[in-house]
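These are the residues of each chain, in order.
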Amino acid sequence: MENGDVREVEKYLEKNVKKKESKKLKKYVCKKKKNVVLACASVIKFVKKIPERDWMSMPQGPPNCPPGLEYLMSLSNLFVKQKVEFLEAITGYETNNKFTIKNERGEKFYWAVEESDLCSRQCLGQVRPFEMRIMDSYQNEVIHLNRPLNCGVCCFPCCLQKMEVCAPPGNLIGTVEQEWSFLTPKFKIKDWNGETVLRIEGPCCNIALCGQSEFQILSRDGQVQVGKISKEWSGFARELFTDADYFGISFPLDLDVKMKAVMLGALFLIDAMYFENNKGLN
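Residues numbered from 1 in each chain as written. Predicted model: local features only at pLDDT ≥ 70, side-chain atom pairs only at ≥ 80, totals over all residues. Heavy atoms only, no water.

In the nomenclature of an unreviewed UniProt entry, the protein is known as Phospholipid scramblase of Pediculus humanus subsp. corporis. The annotation that UniProt attaches to the protein under Function (unreviewed entry) is "May mediate accelerated ATP-independent bidirectional transbilayer migration of phospholipids upon binding calcium ions that results in a loss of phospholipid asymmetry in the plasma membrane." (UniProt positions renumbered as here; feature names shortened; annotations may be inferred.)

A. Looking closely at the pairing of strand β8 (residues 186–191). Taken together, the six bridges between strand β7 (residues 172–179) and β8 define a ladder with antiparallel strand orientation. Residue V176 lies in a different strand from β8, and its bridge partner there is I189. Here β7 folds back onto β8 in antiparallel fashion, the turn holding six residues. Sheet topology places β8 next to strand β9 (residues 196–201); five bridges connect them, and they run antiparallel. Across the sheet, F187 pairs through a bridge with I200, a residue of β9. Hairpin connection of β8 to β9: four residues between the antiparallel strands, including G194 at a positive phi of 85°. (Pairing = 2+ DSSP bridges. Helix = DSSP H or I, 4+ residues; strand = E, 2+ residues; numbered from the N terminus.)

B. Just the sheet that holds strand β11 (residues 225–232), in detail. The sheet built from 12 strands closes into a barrel, its strands ordered β1-β2-β3-β4-β5-β6-β7-β8-β9-β10-β11-β12 with antiparallel pairing. If you compare each strand with its neighbour and ignore which way they point, the axes differ by 20° on average. Inspection of the sheet shows strand β4 (residues 130–135) paired to strand β5 (residues 141–147) by six bridges, in the antiparallel sense. Across the sheet, residue F130 finds its bridge partner in β5, namely R147. (Axes fitted to C-alpha atoms, helices over the stretch in contact; angles between N-to-C directions.)

C. Examining a nonpolar patch on the surface more closely. On the surface, a cluster of nonpolar side chains totalling about 410 Å² of accessible area is made up of W180, F182 and L183. As for its placement among the helices and strands, F182 is situated in the loop between β7 and β8. Taking relative accessible area as the criterion, F182 reaches 63% and is therefore assigned exposed. (Patch = residues over 30% accessible without salt bridge, like charges linked within 9 Å, V, L, I, M, F, W, Y side chains within 5 Å. Areas by Shrake-Rupley, 256 points an atom, 1.4 Å probe, with all protein chains shown as cover. Salt bridge = Lys/Arg side-chain N within 4 Å of Asp/Glu carboxyl O. Buried < 20%, exposed > 50% of the residue type's maximum accessible area, 1.4 Å probe, protein only.)

D. Local environment of the nonpolar core. Y110, I134, I143, I200, I229, M263 and F268 are the most contacted members of the largest nonpolar core, which has 49 residues in total. Among the elements that take part in this core, helix α7 (residues 257–274) stands out by supplying 13 residues, more than any other. The contact partners of F268, leaving out residues within four places of it in the chain, are V80, F99, I101, A112, F130, M132, I134, L145 and M163. (Core = buried A, V, L, I, M, F, W, Y, C linked by side-chain atoms within 4.5 Å. Contact = heavy atoms within 4.5 Å.)

E. The confidence of the model for the protein, seen in detail. Of all residues in the protein, 65% attain a pLDDT of 70 or more, and the chain-wide mean is 78. Under a pLDDT of 50 for its full length, residues 235–243 has, in the predicted model, 21 contacts with residues more than four places off or in other chains. Here residues 278–282 is a poorly scored stretch, pLDDT under 50, and it has 15 contacts once near neighbours within four places are set aside; other chains count. (pLDDT = per-residue confidence, 0-100.)

F. Representation of the packing of aromatic side chains within the structure. Taken as a whole and assessed by the stated rule, the structure comprises seven aromatic pairs. Summarising the aromatic geometry, the rings of F215 and F275 are spaced 6.3 Å apart at their centres and angled 75° between planes, so their arrangement reads as edge-to-face. Here F215 is found in strand β10 (residues 212–218), whereas its partner F275 is found in the segment after α7, with 60 residues between them in sequence. The structure contains a cluster of three or more aromatic residues connected by ring pairs, namely F215, F247, Y274 and F275. Positioned over the ring face of W192 is K258, at 4.6 Å from the centre of the ring. (Phe/Tyr/Trp six-rings, centres within 6.5 Å; stacked < 30°, edge-to-face > 60°. Lys NZ or Arg CZ within 6 Å of the ring centre and 35° of its normal.)

G. Quick peek at empty space enclosed by the protein. In total, this model carries one cavity of 30 Å³ or more according to the counting rule given. Looking at the largest cavity, its volume works out to about 40 Å³. Looking at the largest cavity, the residues that line it are N97, F99, E114, R128, F130, M132, F268, D271, A272 and E276. Examining the composition of the lining of the largest cavity, we find that three residues originate from one element, α7, more than from any other. Looking at the lining of the largest cavity, its residues break down into five nonpolar, one polar and four charged. (1 Å grid on protein atoms, 1.4 Å probe; cavity = no way out; pocket = protein on both sides within 12 Å on 5 of 7 lines; lining within 4 Å. Points joined across faces, edges and corners; volume = space filled by probe spheres on them. Nonpolar A, V, L, I, M, F, W, Y, C, P; charged D, E, K, R; others polar.)

H. A look at the pattern of salt bridges. Here the structure, examined in full by the defined rule, presents eight salt bridges. The residue R133 makes a salt bridge to E141 at a minimum N-O spacing of 3.4 Å. Assessed through its relative accessible area of 23%, E141 is described here as partly exposed. One salt bridge in this structure joins K190 and E177, with 3.1 Å as the shortest N-O distance. Of the two residues, K190 is situated in strand β8 and E177 in strand β7; the sequence distance between them amounts to 13 residues. The structure contains a network of salt bridges with shared partners spanning E115, R133 and E141.

Below, the structure written as structure tokens:
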């Protein structure tokens, strides 16, 4: 088939698929019988690029903003909801975690998928290494998280937990590093140069019994609270039978978008460390 035919079909789809003019589309395809296969392929290719209605539209970002992080520019609050896996709820069999990330209006702008091997999930539990792909509505990976295997016991301060955050994938923009602490969870949020930008301090008890478990986001010197990461109570049945979590995070509106992305990485590290079911080595 000629390239001109391909472009002709694609132009027609761009004009009419959005308007849902299915009758016109059928009539057009009937006239172009020799292009039926081409039209079907173009429909599939085009529809995949159309985000669902409940997705947040991408705002305009500055020239130096990593692609895909424009969504974070206008946000000071976001919410992360883990998908309940049927197999995990019934059998307790650990599966790769999946999440949706929404703004205050309930519009999705990212979804995240954990990538870890079966042995790590079943045997290492909360200290398992994993990578996580965070994608936008067009299925473009905009943030990549890497959690290496480190010790989960506070008695060994030389190899504490860490999360590396890249945006786009392959470009390190910051890290989340656990600090040695005997009673309360503590973390440093560092930029790509290794400079501490923010700190996180959690409660002594991380069990959200009919309420919240709150981790404070603090200024660089640890003196001023500038935000928080909260694990919400998600109901007795859900808490008892699954480790599917619901989180909220708040940070300064004018915080650099790269650091907002790193804070999202901190949320996933905290979830894995403190709110996964107690399995494996802790």
